[in-house]
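Chain residues, written in single-letter form:
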Amino acid sequence: MLPSSQGSISLSWHGKSWGISFYNHRKSSAFKRQSMRGSFTISDVQSLKDTESSIHAMTDSIEKIKQQMKYVHMTASPYDTAWVAMVPHPSSHQDPCFDHCLDWILQNQHENGSWGNFNLGPSLLKDKLCSTLACVLALKKWSCGEDHIQNGVRFLVSNIRSICDEQLTSPIGFNIIFPGMLKLATEVGLKLSFGDTAVGEIFSLQKLELQRNSINNSRGRKEYMAYIAEGLGSSQDLNEIMKFQRTNGSILNSPSTTAYVLTQCYDDKAFNYLSSILQQVGSTVPAIYPMEMHSHLCMVDTLQKIGIARFFSDEIKIILDRAYRCWLERDEQIISDMATCAMAFRLLRMNGYDISTDLLMKFKEASSFHDSMQGYLRDMRPVIEIYKASQTKLFPNEDILNKINSWSSIVLKEEISTEPISQEVKFALQFPFYANLDRLEHKRSIEQFNFGKIRMLKTSHMSCIANEDVLNLAVGDFNNCQSICREELKDLNSWVKQCKLDQLQFARQKLTYCYLSGAATLFSPELSEARISWSKNGVLTTVVDDFFDVGGSIEELESLVALFDKWDGKCEKEFYSEQVQIIYMAIHGNINELATKAFALQNQDITDHLVKIWQSLLRSMMTESRWQRNKSIPTVEEYMTNGTVSFALGPIILPTLYFVGPKITEEIIKHDEYDHLFRLVSTCGRLLNDIRGFGREGKEGKLNSVSLCMLNSGNSLSIEAAEKDVKKSIEDIRTELLQLVLKEGTAVPKPCKELFWKMCKILHLFYMNTDGFSSPKEMVSAVNAVIHDSLNV
């Protein structure tokens, strides 16, 4: 007996209730094994029970994350809270203005005497030392919590040697701020038994830091000095600090810097800024405020990068709608920060929001980074984000994105040559977003998952939701999908043998590559039929392509074309050869199978449409074969018109559209947009293939777009110039395709349009360095990553 609850579980994604296809897939596999053995085994039943348990766990995680997405949890910063606690009352400098911050400090000391967030091991010890000294200073200033002070001092003294340890992660400005607070400790009468040698070493850190780049008078350095003003004390001109006051009253959105200013002089806007935070949060402050927009965008980006965004479509839409309003209102949360502005632009644009590049104008030159505090500190995070944003070009006249792409890529490449580079920078440069398969990015992001998205500012700061629930859901979903992929690939291997396609000696055996392209993009469990259609037709088009290229005689080719031109749905035919029979029967069987499955979903017979797709492909391949045999030279226009069909994406993409959800009517199929989408992606693929295959095809006596460009120029164009022209055409086509895919309210449903874009990304990855589809080794690592290799978390 199978578990009685086998049909009871359902989840919702893409705005529709699809049910748990993973469970149904496991159930189907169990029945398949039962039919072969005659009974269910204990392992079959246990597997289904384990699957059901896994799905329940995923459901719980989804609900928890949905609740967490409704608000931004602002992590308390003991360091910043301590500085706010030091602010005197405007009418009485002998009393604290925010005494509830003192109460929080008294209630949140750790047993070892320290203050600080995130128990992430000794690497963040300097962060705890800085927070602890600040909290001790706050208590000492207002003469309270003597026991807390002594416990804090003991923690500081016992870890004094760590202050100069360069192997530990240092908060921003630590070498200036910590010595500055030691000086303040002396002024308030706090005794720290560090020893003269240690104190001397600590103050030498500050001296060296101030001497370093002292001749640098850039805005970035000035901004940095304002940001760490509490470490410089009276040596810093308050007027210079106030130049960086935001409209919300803060100094660079930093509660600690703003609080320091209020310890030196009263400012209404600064006071109101801190008061507004405490009214919202209570008795503590975060390391940066406001951060709601950045955190929400980071949350959306994280969910997308690890492959679980589809579970949170409604929540993501609410966040992006809010971001869109902020974008239109030019909200300071977005426009004041390069990383936030770039992330907002990319996420909004790639999710179909109509936004221009206007707000990116301020970042069109490299100086926008180099003259900022992030540039001074060599913080590559904003550069990565602006580089990613620059790739989302939708219109030919968006030259600003070209300029941003140029300088940001140069900065990132320079970073690679001089520093140990982060995997994120390396991945961003190696794989543009238009040449990156979804599941490859998901796996990389899961394996490099950053709990809490910890960023080191003047103290550690959690920039967005990234907790165990998020990781567990991502891992569970990836593992579930991967297990389905392995089973589907086994079934497809059986299908290849059953159809005798493996007996065709001339044919490349590319099932794993065909399946990879589907599994890495159409990865959701409920898209199983779409993956199968995609993969089988990929195999069949490869066989037919090889048949026309090398495997068939002219008589065999003509016979195959004639069989489809005279299609009557019957399979009892007289075949010219066994090769023709194998190919025809495999395509015939697949057409009937897809038509049957599509009828159940679409309530219409699509057989005629599928036949016409194959007829067009075979005729176009026959045309190319005759050109080659007759040594005819087509015009570029003739070549491309025929080549967009002979590139053989028709049987792969077009039938799959019936299996991705929306109803595909005859009106959609006949609409100009449907044909335009197909022409764009097929032209892009043909040109990419021609660039990588130019040398090989030239030796075989074949013409392609590169060689035709050279011939039509009277051989005045060099190979390099011809390839440059073709690459420019590819870029223009890709831009037009993305614009059409993202445009809302058009004739072709969005999930269907996205299929054309997914194919475009696949083509760019496969042809990135060579003809990856023909290569026996180029895509092996991708196959293993998506299908075979388990997650390494």
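Residues numbered from 1 in each chain as written. Predicted model: local features only at pLDDT ≥ 70, side-chain atom pairs only at ≥ 80, totals over all residues. Heavy atoms only, no water.

**A few points about the overall build of the chain**
The helix and strand inventory of the chain stands at 37 helices and six strands. Referenced to the eigenvectors of the C-alpha coordinate spread, the extents of the chain come out at roughly 105 × 75 × 45 Å. When the 793 residues of the chain are sorted by exposure, 57% land in the buried category. Of the roughly 34,300 Å² of accessible surface on the chain, a fraction of 49% belongs to carbon and sulfur atoms. Positive and negative side-chain charges in the chain, numbering 84 and 94 respectively, have mean positions lying 2 Å apart. (Helix = DSSP H or I, 4+ residues; strand = E, 2+ residues; numbered from the N terminus. Buried < 20%, exposed > 50% of the residue type's maximum accessible area, 1.4 Å probe, protein only. Areas by Shrake-Rupley, 256 points an atom, 1.4 Å probe, with all protein chains shown as cover. Lys, Arg positive; Asp, Glu negative; His and termini not counted. Charge placed at Lys NZ, Arg CZ, Asp CG, Glu CD.)

**A word on the pairing of strand S4 (residues 92–96)**
Sheet topology note: the strand S3 (residues 88–89)/S4 ladder contains two bridges and is antiparallel. Each bridged residue has a counterpart across the sheet, and for Pro-88 the counterpart in S4 is Pro-96. Remark: two residues form the turn of the hairpin made by S3 and S4, two consecutive strands paired antiparallel. (Pairing = 2+ DSSP bridges.)

**Focus: the packing of aromatic side chains**
Under the defined criterion, the tally for this structure stands at 21 aromatic pairs. For the ring pair Tyr-273 and Tyr-289, a centre distance of 6.1 Å and an interplane angle of 55 degrees mean the geometry is tilted. Taken together, the positions of Tyr-273 in helix H13 (residues 268–281) and Tyr-289 in the loop between H13 and helix H14 (292–305) put the pair 16 residues apart, joining distant regions of the chain. Classification of Tyr-273 as buried rests on a relative accessible area of 2%. Judged by relative accessible area, Tyr-289 falls into the buried class, the value being 15%. With a centroid separation of 6.4 Å and 80 degrees between ring planes, the pair formed by Phe-311 and Phe-312 is classed as edge-to-face. Taking relative accessible area as the criterion, Phe-311 reaches 3% and is therefore assigned buried. Among the aromatic residues, those joined into a ring-pair cluster are Phe-564, Trp-567, Phe-575 and Tyr-584. Above the plane of the ring of Phe-427 lies Arg-444, whose end atom (NZ or CZ) is 4.0 Å from the centre. Its guanidinium or amino end placed over the ring of Tyr-434, Arg-734 lies 3.6 Å from that ring's centre, counting from NZ or CZ. (Phe/Tyr/Trp six-rings, centres within 6.5 Å; stacked < 30°, edge-to-face > 60°. Lys NZ or Arg CZ within 6 Å of the ring centre and 35° of its normal.)

**What about the environment of Ala-259?**
Relative to the helices and strands, Ala-259 resides in helix H12 (residues 255–264). Here the alpha-carbon distance between Ala-259 and Tyr-273, two residues 14 residues apart in the chain, equals 9.7 Å. Not counting the four nearest positions on each side in its chain, Ala-259 is found in contact with Trp-83, Val-84, Val-87 and Leu-274. (Contact = heavy atoms within 4.5 Å.)

**Observations concerning the side chain of Ser-517**
The residue Ser-517 is located in helix H25 (residues 511–519) in this model. Within the structure, Ser-517 has its side chain in polar contact with the side chain of Trp-534 (distance 2.8 Å). (Polar contact = N/O pair within 3.5 Å; in protein donor to acceptor, adjacent residues only side chain to side chain.)

**What to know about the nonpolar core**
Counting 118 residues, the largest nonpolar core has Leu-501 and Phe-548 as its most contacted members. Counting 77 residues, the second largest nonpolar core, distinct from the first, contains Leu-102, Phe-174, Ala-198 and Ala-229. (Core = buried A, V, L, I, M, F, W, Y, C linked by side-chain atoms within 4.5 Å.)

**What about the environment of Gly-231?**
Counting through the fold element by element, Gly-231 comes out in helix H10 (residues 229–232). Residue Gly-231 is classed as buried on the basis of its relative accessible area, which comes to 4%. Along the primary structure Gly-231 and Gln-206 are separated by 25 residues, whereas in three dimensions their C-alpha atoms are 9.2 Å apart. Not counting residues within four places of it along the chain, the set of residues in contact with Gly-231 comprises Ile-176, Ile-177, Gly-180 and Gln-206.

**Observations concerning the state of the cysteines**
As enumerated under the stated definition, the model contains zero disulfides in all. Considering cysteine sulfurs only, Cys-135 is the nearest to Cys-130, which forms no disulfide, with 10 Å between them. Cys-130 gets classed as buried once you look at its relative accessible area, which sits at 1%. (Disulfide = S-S within 2.5 Å.)

**What to know about the side chain of Ser-682**
Position of Ser-682 among the secondary structure elements: in helix H33 (residues 672–699). Here Ser-682 falls in the buried class, since its relative accessible area comes to 0%. Of the polar contacts made by the side chain of Ser-682, one reaches the backbone oxygen of Thr-644; its length is 3.3 Å. Discounting residues that sit within four places of it in the chain, Ser-682 has contacts with Thr-644, Phe-647 and Leu-649.

**What to know about H25**
Among the nine residues of H25, eight are classified as buried, and the element is accordingly described as predominantly covered. Within the sequence span of H25, burial applies to Leu-511, Tyr-513, Cys-514, Tyr-515, Leu-516, Ser-517, Gly-518 and Ala-519.

**A look at unusual backbone geometry**
What you tend to see is this: most non-glycine residues have negative phi, and most peptide bonds are trans. A cis geometry characterises the amide bond from Tyr-289 onward to Pro-290, with omega recorded as 0 degrees. Its location among the elements puts Pro-290 in the loop between H13 and H14. The backbone phi angle of Arg-378 is positive, close to 60 degrees, even though this residue is not glycine. Tracing the sequence through the fold places Arg-378 in the loop between helix H19 (373–376) and helix H20 (381–390). The exposure class assigned to Arg-378 is partly exposed, which follows from its relative accessible area of 36%.

**Here's the deal with the pattern of salt bridges**
Applying the stated criterion across every chain, the model contains 29 salt bridges. Across the pair Arg-346 and Asp-301 runs a salt bridge whose closest N-O atoms are separated by 3.2 Å. Here Arg-346, found in helix H17 (residues 338–350), pairs with Asp-301, found in helix H14; they are 45 residues apart in sequence, far enough to count as distant. There is no split in this pair, since Arg-346 and Asp-301 are both buried. Between Lys-597 and Glu-593 there is a salt bridge, and its shortest N-O distance comes to 2.9 Å. Of the two residues, Lys-597 and Glu-593 are both situated in helix H28 (residues 578–602); the distance of four residues between them amounts to about one turn of the helix. Among the residues examined, Lys-597 registers a relative accessible area of 25% and is labelled partly exposed. (Salt bridge = Lys/Arg side-chain N within 4 Å of Asp/Glu carboxyl O.)

**Focus on the confidence of the model for the chain**
Per-residue confidence for the chain gives a mean pLDDT of 89, with 92% of residues at or over 70. Every residue in residues 33–37 is under pLDDT 50, and counting partners more than four places away or in other chains gives four contacts. (pLDDT = per-residue confidence, 0-100.)

**Here's the deal with the packing of helix H35 (residues 719–742) against helix H36 (residues 750–766)**
Between H35 and H36, the shortest axis-to-axis distance is 9 Å and the interhelical angle comes to 155 degrees. For the element pair H35 / H36, the angle class is roughly antiparallel. As for how H35 packs across H36, the hand of that crossing is left-handed. Contacts between H35 and H36 involve Ile-730, Arg-734, Leu-737, Leu-738, Leu-740 and Val-741 from the first element and Lys-750, Lys-753, Glu-754, Phe-756, Trp-757, Cys-760 and His-764 from the second. Its residues assigned to classes, the contact of H35 with H36 comprises eight nonpolar, one polar and four charged. (Axes fitted to C-alpha atoms, helices over the stretch in contact; angles between N-to-C directions. Parallel < 35°, antiparallel > 145°, perpendicular 65-115°, else oblique. Left-handed = near helix turned anticlockwise from the far one by under 90°. Nonpolar A, V, L, I, M, F, W, Y, C, P; charged D, E, K, R; others polar.)

**Examining H17**
The end-to-end C-alpha separation of H17 is 18 Å, in line with the 18 Å expected for 13 residues at 1.5 Å each. Counting buried positions over the 13 residues of H17 gives 12, a clear majority of the element. Within H17, burial applies to Met-338, Ala-339, Thr-340, Cys-341, Ala-342, Met-343, Ala-344, Phe-345, Arg-346, Leu-347, Leu-348 and Arg-349. Directly beyond the C-terminal end of H17, a positive phi value near 90 degrees is found at Gly-352. (Expected span 1.5 Å × (residues − 1).)

**Notes on the environment of Ala-586**
Position of Ala-586 among the secondary structure elements: in helix H28. Taking relative accessible area as the criterion, Ala-586 reaches 4% and is therefore assigned buried. Sequence spacing of Ala-586 and Gly-643 is 57 residues, and the spatial spacing of their C-alpha atoms is 24 Å. Beyond its immediate stretch of four places on either side in the chain, Ala-586 contacts Cys-499, Leu-501 and Leu-540.

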